Amino acid sequence: MSLLKDKVCIVTGAARGIGAAIVKKFAESGAHVAFTYVSDSSADKAAALENELSNLGVQVKAYKSNASDFAQCETLVNDVVKEFGKVDVCVNNAGISKDNLLLRLTEDQWSQVIDVNLNSVYNMTKQVVRPMMKAKSGSIINMSSIIGIRGNAGQSSYAASKAGIIGFTKSIAIELGSRNIRCNAIAPGFIETDMTHYLKEGTVGENFLKDIPLGRFGKAEEVANLSLFLASDLSAYITGEVISICGGLSI
Ligand code: NAI
């Protein structure tokens, strides 16, 4: 399938987990992909992903860039435009959680989560809309969460950041629709990755499972499939939407 043939895509926070699955899916679908990682400890994984995809006949390149840092996002997008010529798709995937009940949640934990999950989406969107406006086309995909829709005890900072993404997504869709730039959010439920690994075992995981009609956790590749749909022209008339991928958890 070449749904993204010759498109240039940026994916943030993609050395592992959902981001890495999106990079793979996009490259396999014909896209050239620039993806980011933030810590030196992820450099090997990022290089391995580049290497794994090197035989697909597309360009895949890892950049060390902190999505919560405005200046680094500006440099990143300038570098990608220089090297790849344009930006057609941006997936704002980078995210963290620092779960704690409000009574124990520190100001620092709150700020880190808002910086990485929400401010990063502003930082990247602000930069990619310039080349997209020039090209009169673009698709921005923001990784929200079911938790941003329904909230969860112990996740107030995470929920606030992911709910903020939804308001931002809808506003950008309205602002930039006339420029043929689409902006949608994905709201995953419980997807098996390093982020949720600690939740899977024991009673927390069992309790989640009881509420999931499909009776299982999701896979990163399944979120990548939805991202592919939203990145491609198959979704050309879809903007400002929040699409849940949660096995029915949100029903
Ligand atoms: P993960 O922890 O495996 O991956 C997140 C990636 O973001 C990591 O590679 C991390 O190094 C990177 N990252 C963190 N801070 C960054 C920064 N400042 N700049 C650039 N990269 C940074 O987590 P997972 O599960 O793959 O999550 C991906 C996205 O999906 C996140 O936004 C997460 O909130 C969201 N999500 C995940 C769910 C799940 O069940 N796994 C459910 C709902 C949403």
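Structure's up top.
Residues numbered from 1 in each chain as written. Predicted model: local features only at pLDDT ≥ 70, side-chain atom pairs only at ≥ 80, totals over all residues. Heavy atoms only, no water.

**What to know about the site of the ligand**
Line of reasoning, step 1. Inspection of the region around the ligand gives 26 residues, with R16, N93, Y158, I191 and T193 positioned closest.
Line of reasoning, step 2. Take G189: an N or O atom from its main chain is 3.3 Å from an oxygen atom of the ligand.
Line of reasoning, step 3. In the model, an oxygen atom of the ligand is placed 2.5 Å from a nitrogen or oxygen of the T193 side chain.
Line of reasoning, step 4. When the ligand sits alone it has 820 Å² of accessible area, and the protein chains cover 94% of it.
Line of reasoning, step 5. Elements represented by at least two residues in the shell around the ligand include exactly α1 (17-28) and α6 (156-176).
Line of reasoning, step 6. Of the residues belonging to the shell around the ligand, the class tally is twelve nonpolar, twelve polar and two charged. (Near = heavy atom within 4 Å. Polar contact = N/O pair within 3.5 Å; in protein donor to acceptor, adjacent residues only side chain to side chain. Areas by Shrake-Rupley, 256 points an atom, 1.4 Å probe, with all protein chains shown as cover. Helix = DSSP H or I, 4+ residues; strand = E, 2+ residues; numbered from the N terminus. Nonpolar A, V, L, I, M, F, W, Y, C, P; charged D, E, K, R; others polar.)

**Let's talk about the environment of C9**
Line of reasoning, step 1. Within the element layout of this structure, C9 appears in strand β1 (residues 8-11).
Line of reasoning, step 2. Those residues in contact with C9, other than ones at most four positions away along the chain, are L4, F26, A31, H32, V33, A34 and V89. (Contact = heavy atoms within 4.5 Å.)

**Looking at the packing of aromatic side chains**
Centre-to-centre distance and the angle between the planes together describe a pair of aromatic rings.
Line of reasoning, step 1. Applying the stated criterion across every chain yields a total of two aromatic pairs.
Line of reasoning, step 2. Arranged with centres 5.9 Å apart and planes meeting at 25°, the rings of F70 and Y122 form a pair that is stacked. Of this pair, F70 sits in helix α3 (residues 70-84) while Y122 is found in helix α4 (residues 107-135), placing the two residues 52 residues apart along the sequence.
Line of reasoning, step 3. Residue classification places F70 among the partly exposed residues on the basis of a relative accessible area of 32%.
Line of reasoning, step 4. Arranged with centres 4.1 Å apart and planes meeting at 25°, the rings of F190 and F217 form a pair that is stacked. In this pair, F190 is assigned in the loop between β6 (181-188) and α7 (197-200) and F217 in the loop between α8 (202-210) and α9 (220-231), connecting sequence segments 27 residues apart. Neither F190 nor F217 differs from the other in exposure class; each is buried. (Phe/Tyr/Trp six-rings, centres within 6.5 Å; stacked < 30°, edge-to-face > 60°. Buried < 20%, exposed > 50% of the residue type's maximum accessible area, 1.4 Å probe, protein only.)

**Brief notes about the pairing of strand β5 (residues 138-143)**
Line of reasoning, step 1. Within β5, six of the six residues are buried, which leaves the element mostly enclosed by the surrounding structure.
Line of reasoning, step 2. By the alternation rule, side chains of β5 split into G138, I140 and N142 and S139, I141 and M143, which are all buried.
Line of reasoning, step 3. Bridge analysis of strand β4 (residues 89-92) against β5 gives four bridges, and the strand direction is parallel. Considered in β5, the bridge of V91 is made with I141.
Line of reasoning, step 4. In terms of handedness, the path from β4 via α4 over to β5 forms a crossover that is right-handed.
Line of reasoning, step 5. In the sheet, β5 pairs with β6 via six bridges, with the strands oriented parallel. Paired with I140 across the strands is C183, a residue of β6. (Pairing = 2+ DSSP bridges. Right-handed = clockwise from strand over helix to strand, strands pointing away.)

**Re the environment of V11**
Line of reasoning, step 1. Take V11: it is sitting in strand β1.
Line of reasoning, step 2. On the accessibility criterion, V11 (0% relative accessible area) is buried.
Line of reasoning, step 3. When the C-alpha positions of V11 and L176 are compared, they lie 20 Å apart, and in sequence the two are 165 residues distant.
Line of reasoning, step 4. Discounting chain neighbours no more than four positions away, the residues touching V11 are G19, I22, V23, F26, V33, A34, F35, T36, V91 and N93.

**Regarding the pairing of strand β3 (residues 60-64)**
Line of reasoning, step 1. With five bridges connecting them, strand β2 (residues 32-37) and β3 associate as parallel partners. If you follow T36 over to β3, its bridge partner there is Y63.
Line of reasoning, step 2. Between β2 and its parallel partner β3, the chain crosses via helix α2 (residues 43-52), and the hand of that crossover is right-handed.

**Digging into unusual backbone geometry**
Line of reasoning, step 1. One non-glycine residue, D6, lies in the positive phi region at around 65°.
Line of reasoning, step 2. According to the relative accessible area criterion, D6 is partly exposed, its value standing at 44%.
Line of reasoning, step 3. Positive phi, normally seen in glycine, also occurs at N180, with a value near 65°.
Line of reasoning, step 4. Mapped onto the elements of the fold, N180 is located in the loop between α6 and β6.

**Focus: the packing of α1 against α9**
Line of reasoning, step 1. Put simply, α1 and α9 touch, their axes get as near as 8 Å, and they point 50° apart. It follows from the interaxial angle that α1 and α9 lie oblique. In the packing of α1 onto α9, the handedness of the crossing is right-handed. From α1, G17, I18, A21, I22, K25 and F26 reach across to α9, where they touch A220, E221, V223, A224, N225, S227, L228 and A231.
Line of reasoning, step 2. Here the contact of α1 with α9 is composed, by residue class, of nine nonpolar, three polar and two charged. (Axes fitted to C-alpha atoms, helices over the stretch in contact; angles between N-to-C directions. Parallel < 35°, antiparallel > 145°, perpendicular 65-115°, else oblique. Left-handed = near helix turned anticlockwise from the far one by under 90°.)

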